[in-house]
Amino acid sequence: NAGVTQTPKFRILKIGQSMTLQCTQDMNHNYMYWYRQDPGMGLKLIYYSVGAGITDKGEVPNGYNVSRSTTEDFPLRLELAAPSQTSVYFCASSYSLRSSGSSYNEQFFGPGTRLTVL
Amino acid sequence: SQKIEQNSEALNIQEGKTATLTCNYTNYSPAYLQWYRQDPGRGPVFLLLIRENEKEKRKERLKVTFDTTLKQSLFHITASQPADSATYLCALDMENTGFQKLVFGTGTRLLVSP
């Protein structure tokens, strides 16, 4: 199993450009997450999904969009990139017995995408 | 507001000693708490999960305690090794919805010298 994979590893964007960060997991996990990590700060949840076709906002969703058309993929879209979106982005996945929650399991993280907006 | 605090200063210890890291939280009663390890340039890796009704959990050289009265978790690494040098993050599901919407502390960097 490759686990959670993310592409690209690095990217530099100009202000106003848009891009999609890709995330794929091969563990058949139903839950997937996007976090951002700024220097000296904890990871902050951007969006999450409890299954294909179901997504919801996390703590810092502004400026981002997500979709979940398959169990495996959870892309994160940045529209109109701003310098404040310079960060390292991590995708994660976990398994829950029920899509309604009430299950505590570890999250598996991808290697991250380092994004700079100039 | 809800808050998770970890010591932002690096912890320097000598090989063979026990490292103890602290995670404090306020204004919340989580059902469980998780600890992760993060190496530079990599994603976090899960280490241990402890539930609110568990006072202590062990895994090899790792031990986690969870004091819901003090609102504190302690993470211990016994017989520490240079390979244990990393940043350690604690995380809580602040909403307790079961959707595992984790809130992470800023992490404590551990440096183990030979």
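Placed above this text is the structure.
Residues numbered from 1 in each chain as written. Chains lettered and ligands numbered in written order. Predicted model: local features only at pLDDT ≥ 70, side-chain atom pairs only at ≥ 80, totals over all residues. Heavy atoms only, no water.

Caption draft 1: Quick look at the pattern of salt bridges. For the structure on display, the rule yields 8 salt bridges over all chains. Residue Glu 59 of chain A pairs with Lys 44 of chain A through a salt bridge whose shortest N-O separation is 3.8 Å. With Glu 59 of chain A in the loop between β6 (54-57) and β7 (64-66) and Lys 44 of chain A in strand β5 (residues 44-51), this pair connects stretches of sequence that are 15 residues apart. We note a salt bridge from Arg 61 of chain B to Asp 84 of chain B, for which the minimum N-O separation is 3.0 Å. (Salt bridge = Lys/Arg side-chain N within 4 Å of Asp/Glu carboxyl O. Helix = DSSP H or I, 4+ residues; strand = E, 2+ residues; numbered from the N terminus.)

Caption draft 2: Structural context of the side chain of Gln 6 of chain A. Residue and element names in this part refer to chain A. When you line up the elements, Gln 6 lands in strand β1 (residues 4-7). Within the structure, Gln 6 has its side chain in polar contact with the backbone oxygen of Tyr 89 (distance 3.0 Å). A distance of 3.0 Å separates the side chain of Gln 6 from the backbone nitrogen of Cys 91, its partner in a polar contact. (Polar contact = N/O pair within 3.5 Å; in protein donor to acceptor, adjacent residues only side chain to side chain.)

Caption draft 3: Highlighting the sheet that holds strand β1 (residues 3-6) of chain B. All names here are of chain B. One open sheet accounts for 5 strands, arranged β1-β3-β8-β7-β6; its pairing is antiparallel. Each end of this open sheet is capped by a strand with a single partner; those strands are β1 and β6 (56-59). Across this sheet, the average inter-strand angle for adjacent strands is 15 degrees, counted without regard to direction. Relative to strand β7 (residues 62-67), β6 runs antiparallel, the two sharing 4 bridges. Looking at β7, one finds that Arg 58 is bridged to Lys 63. (Pairing = 2+ DSSP bridges. Axes fitted to C-alpha atoms, helices over the stretch in contact; angles between N-to-C directions.)

Caption draft 4: Highlighting the environment of Gly 3 of chain A. Note that Gly 3 of chain A resides in the segment before β1. Each C-alpha atom of the pair Gly 3 of chain A and Asn 28 of chain A lies 9.7 Å from the other, and the pair is 25 residues apart in sequence.

Caption draft 5: Fine view of the packing of aromatic side chains. This structure, assessed with the given rule, holds 13 aromatic pairs over all chains. Residues Tyr 31 of chain A and Tyr 33 of chain A carry aromatic rings whose centres are separated by 6.5 Å and whose planes lie at 75 degrees to one another, so their mutual orientation is edge-to-face. Residues Tyr 31 of chain A and Tyr 33 of chain A agree in their burial class; the two are buried. Joined through ring pairs, the aromatic side chains of Tyr 31, Tyr 33, Tyr 35, Phe 90 and Phe 109 of chain A together with Tyr 36, Phe 46 and Phe 104 of chain B make up one cluster. Positioned above the aromatic ring of Phe 74 of chain A, the side-chain terminus of Arg 68 of chain A is 6.0 Å from the ring centre. (Phe/Tyr/Trp six-rings, centres within 6.5 Å; stacked < 30°, edge-to-face > 60°. Buried < 20%, exposed > 50% of the residue type's maximum accessible area, 1.4 Å probe, protein only. Lys NZ or Arg CZ within 6 Å of the ring centre and 35° of its normal.)

Caption draft 6: Broad picture of the side chain of Ser 94 of chain A. Structurally, the position occupied by Ser 94 of chain A is in strand β9 (residues 87-94). Leave out the neighbours within four places in its chain, and Ser 94 of chain A touches His 29, Asn 30, Tyr 31, Tyr 33, Asn 105, Glu 106 and Gln 107 of chain A together with Gln 100 of chain B. (Contact = heavy atoms within 4.5 Å.)

Caption draft 7: Focus on the sheet that holds β1 of chain A. All names here are of chain A. The strand order across the open sheet built from 4 strands is β1-β3-β8-β7, with neighbouring strands paired in antiparallel fashion. In the strand order of this sheet, the two ends are held by β1 and β7, each with one partner. For this sheet, the mean angle separating the axes of adjacent strands, direction not counted, is 20 degrees. Summarising the sheet, β1 and strand β3 (residues 19-25) pair through 4 bridges and their orientation is antiparallel. Across the sheet, Thr 7 pairs through a bridge with Gln 22, a residue of β3.

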